[in-house]
Amino acid sequence: MNFSQHFPHHRPRRLRKDEFTRRLVREHTLTSADLIYPVFLLDQDDGSQPVQSMPGVARLGRGPLFAAAERCVELGVPVLALFPVIDSSLKTPDGQEALNPEGLVPRTVRELKKRFPELGVMTDVALDPFTSHGQDGLLDDTGYILNDETVAVLTRQALVQAEAGVDIVAPSDMMDGRIGAIRNAFESQGLIHTRIMAYSAKYASAFYGPFRDAVGSAANLGKSNKKVYQMDPANSDEALREVAMDIAEGADMVMVKPGMPYLDIVRRVKDEFKVPTFAYQVSGEYAMIKAAAQNGWLDHDATMMEALLAFKRAGADGVLTYFALDAAEKLRG
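Calculation criteria
Residues numbered from 1 in each chain as written. Predicted model: local features only at pLDDT ≥ 70, side-chain atom pairs only at ≥ 80, totals over all residues. Heavy atoms only, no water. Phe/Tyr/Trp six-rings, centres within 6.5 Å; stacked < 30°, edge-to-face > 60°. Helix = DSSP H or I, 4+ residues; strand = E, 2+ residues; numbered from the N terminus. Buried < 20%, exposed > 50% of the residue type's maximum accessible area, 1.4 Å probe, protein only. Patch = residues over 30% accessible without salt bridge, like charges linked within 9 Å, V, L, I, M, F, W, Y side chains within 5 Å. Areas by Shrake-Rupley, 256 points an atom, 1.4 Å probe, with all protein chains shown as cover. Salt bridge = Lys/Arg side-chain N within 4 Å of Asp/Glu carboxyl O. Arc of directions from axis to C-beta. Contact = heavy atoms within 4.5 Å. Expected span 1.5 Å × (residues − 1). Core = buried A, V, L, I, M, F, W, Y, C linked by side-chain atoms within 4.5 Å. Axes fitted to C-alpha atoms, helices over the stretch in contact; angles between N-to-C directions. Parallel < 35°, antiparallel > 145°, perpendicular 65-115°, else oblique. Left-handed = near helix turned anticlockwise from the far one by under 90°. Nonpolar A, V, L, I, M, F, W, Y, C, P; charged D, E, K, R; others polar.

**Quick look at the packing of aromatic side chains**
Scanning the entire structure with this criterion turns up seven aromatic pairs. Taken together, a centroid distance of 6.4 Å and an interplanar angle of 50° make the contact between F40 and F83 tilted. One end of the pair, F40, is in strand β1 (residues 35-41); the other, F83, is in strand β4 (residues 79-84), and 43 residues separate them in sequence. Residues F83 and Y280 carry aromatic rings whose centres are separated by 6.3 Å and whose planes lie at 55° to one another, so their mutual orientation is tilted. Taken as a pair, F83 in strand β4 and Y280 in strand β9 (residues 277-281) lie far apart in primary sequence, 197 residues in all. Since its relative accessible area comes to 3%, F83 is described here as buried. Residue Y280 is classed as buried on the basis of its relative accessible area, which comes to 1%. Among the aromatic residues, those joined into a cluster by ring pairs are F40, F83, Y280, Y286, Y322 and F323.

Dropping the structure here:
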């Protein structure tokens, strides 16, 4: 029996028959240039501390950090993002250590730019690593996070980082108006080349747990949460309003966080604004893949690469991921 007469002229499987054809018609690709590598930074010369909830990730002293930076350069990973682990003795309710020009972050930025001028360096603008209560801002007498007072401190923190020579500041606090305040401060100080990647749609997510363990804010935060400033996971229209505000205030790039559970937000942001859009594959996403792979339930490398490709398919221009070096190695073949 001739079945061909029952088929239309197009057989989609023809374009899946062999590897060269699949490569030829592939719609999206992932490269090492799409990756940003987040690292946890210790204020010590050598050594590292494994993060138990993030297998394969460690808090790094300066020696291991510089080795990781060199690896980024070798593998073509364009940006390294710093997240400090601050000694508890330096944490205060107002997070004043964030403003110290000789603090861990600005010292490290200066050294990285001296050693690896071709490597982009990004810093987190937020107070939670520096506050004794683990929140991203200043508190009033009731424990509510103050917005405008916090923005004033964040602006000074961003200036300290920019004056140290960082390439990109990334305000992750979700205070209203902080992008405009930081941009105006940069312009007034002649820091016209410092880029801002705004955490524009950062959700109050349960996927951040391992990160808070890594930077040491989980114990300080305790049973508190960040729902009065981070976004409600139920909302997507609100994300577009947040992004629009940050772009209007001077953000060069915007970010959605977390990543995979919010790919619909990435798609909507890219379609609506067509600006450089990034996503953060957060610690909980990383830990789930690692745990499943360690139990033999998933193929580690195949799942890692598929997950990262999904960000590109959703419209992300780049991804912050703890898999950055592993994925870049895999891409190099």
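**Focus: a nonpolar patch on the surface**
Together, L15, L24 and V25 make up an exposed nonpolar region whose accessible area comes to about 300 Å². With respect to the helices and strands, the residue V25 is situated in the loop between α1 (19-24) and β1.

**Here's the deal with helix α12 (residues 324-332)**
For α12, the full list of buried residues reads A324, L325, A327 and A328. When α12 is viewed along its axis, its buried side chains cluster within an angular range of 165° and face the same direction. Next to the buried residues of α12 lie β1, α2 (62-75), α11 (300-314) and β10 (318-321). A positive phi of about 80° marks G333, the residue just after α12.

**Let's talk about α2**
In an α-helix, one turn spans 3.6 residues; hence positions three or four apart end up facing the same way. In this model α2 runs 20 Å from its N-terminal to its C-terminal C-alpha over 14 residues, within 8% of the 20 Å that 1.5 Å per residue would give. Where α2 is buried, its residues contact β1, β3 (58-60), β4, α3 (104-115) and α12. Backbone geometry just after α2 places G76 at a positive phi near 80°.

**With respect to the nonpolar core**
If you look at the biggest cluster of nonpolar residues, it comprises 107 residues, and the most contacted ones within it are F40 and M197. Not counting the four nearest positions on each side in its chain, M197 is found in contact with I36, M122, I168, V169, A170, P171, M253, M255, F278 and L320.

**So, the packing of helix α10 (residues 283-294) against α11**
Packing of α10 against α11 leaves a shortest axis separation of 9 Å and a crossing angle of 155°. It follows from the interaxial angle that α10 and α11 lie roughly antiparallel. The handedness of the crossing between α10 and α11 comes out as right-handed. Contacts between α10 and α11 pair E285, I289, K290 and A293 from the former with H300, T303, A307 and F311 from the latter. Along the lines of polarity and charge, the residues of the contact of α10 with α11 split into four nonpolar, two polar and two charged.

**Quick look at the environment of A302**
Relative to the assigned elements, A302 resides in helix α11. Residues A302 and R107, 195 residues apart in the sequence, show an inter-C-alpha distance of 38 Å.

**Overview of the pattern of salt bridges**
Applying the stated criterion to the full structure yields 21 salt bridges. With a shortest N-O distance of 3.2 Å, R22 and E19 are connected by a salt bridge. Of this pair, R22 and E19 both sit in helix α1, three residues apart, roughly one helical turn. Judged by its relative accessible area of 31%, R22 is partly exposed. It is possible to trace a salt-bridge network through shared partners that takes in D43, D45, R62 and R107.

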